[in-house]
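So the chains spell out like this:
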Amino acid sequence: MISLRIVTPKGNYLTRDVKSIHIKSVEGEMTILSNHIPIFASIVPNDLVLEEENGEKNHYALSGGFLHFENNEALLLTDAIEGKGEIDLERAKKAYERARKRIEKKDSDTDMKRAQLALQRAIIRIHVYEE
């Protein structure tokens, strides 16, 4: 088992033992199992999947952050994380529309990288909600 701790600027979000952690870093997707080699990774916005000992999979909308894993202990630092039950679907859909419109506008005042990240986060939140 992996001892996982997720921390946000508001404090501890989650502390529990999990069978596996499926996450996406700047290097690509990975699944961390017990006895994985030590790793430190920069995490991109993604659908974090935590597998419990009984095989149940829980999905979380993760805004990005950093993951450190060593000796079957994982520390995930993130700005924001939401489980399925915490996601406001209407808010996520409105964020999706706002970001899509900013991207389609394509004017010099639009920060495209920021708009694309907002769109990506909204898509992930909608996906996790519908999972």
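Cut-offs used in this document
- Residues numbered from 1 in each chain as written.
- Predicted model: local features only at pLDDT ≥ 70, side-chain atom pairs only at ≥ 80, totals over all residues.
- Heavy atoms only, no water.
- Buried < 20%, exposed > 50% of the residue type's maximum accessible area, 1.4 Å probe, protein only.
- Helix = DSSP H or I, 4+ residues; strand = E, 2+ residues; numbered from the N terminus.
- Pairing = 2+ DSSP bridges.
- Expected span 1.5 Å × (residues − 1).
- Contact = heavy atoms within 4.5 Å.
- Patch = residues over 30% accessible without salt bridge, like charges linked within 9 Å, V, L, I, M, F, W, Y side chains within 5 Å.
- Areas by Shrake-Rupley, 256 points an atom, 1.4 Å probe, with all protein chains shown as cover.
- Salt bridge = Lys/Arg side-chain N within 4 Å of Asp/Glu carboxyl O.

Asks: Explain the pairing of strand β9 (residues 73–77) to me, please; I cannot follow it from the model alone.
Replies: Successive residues of a regular strand alternate their side chains across the two faces of the sheet. Where burial is concerned, the two faces of β9 differ: the one with Ala74 and Leu76 is buried and the one with Glu73, Leu75 and Leu77 is not. Connecting the antiparallel pair strand β8 (residues 65–70) and β9 is a turn made up of 2 residues, with asparagine 71 showing a positive phi of about 50°.

Asks: What am I meant to see in helix α2 (residues 112–130) here?
Replies: What sets the pattern is the α-helix's 3.6 residues per turn: residues three or four places apart point alike. For α2, spanning 19 residues, the distance from its first C-alpha to its last is 27 Å, which sits close to the expected 27 Å at 1.5 Å a residue. By the burial criterion, the buried members of α2 are Ala115, Ala118, Leu119, Ala122, Ile124, Arg125, Ile126 and Val128.

Asks: Explain the environment of arginine 121 to me, please; I cannot follow it from the model alone.
Replies: Positionally, arginine 121 belongs in helix α2. The class of arginine 121 is partly exposed, set by a relative accessible area of 34%. For arginine 121 and serine 63, which are 58 residues apart along the polypeptide, the C-alpha to C-alpha distance reads 6.4 Å. If we ignore the near neighbours within four places in the chain, the residues touching arginine 121 are Pro45 and Ser63.

Asks: Would you explain a nonpolar patch on the surface in this entry?
Replies: Taken together, the side chains of Phe40, Phe66 and Leu77 present a nonpolar region at the surface, about 320 Å² in accessible area. Relative to the assigned elements, leucine 77 resides in strand β9.

Asks: Is there a simple way to explain the pattern of salt bridges in this structure?
Replies: Where charged atoms from two side chains of opposite charge approach closely, those side chains can pair. Going through the model one piece at a time under the given rule, you end up with 5 salt bridges. Across the pair arginine 100 and glutamate 104 runs a salt bridge whose closest N-O atoms are separated by 2.7 Å. Pair noted here: arginine 100 and glutamate 104 are both in helix α1 (residues 89–105), with a separation of 4 residues, about one helical turn. Residue arginine 100 is classed as partly exposed on the basis of its relative accessible area of 26%. Shared partners join several salt bridges into a network, and the residues in it are Glu97, Arg100 and Glu104.

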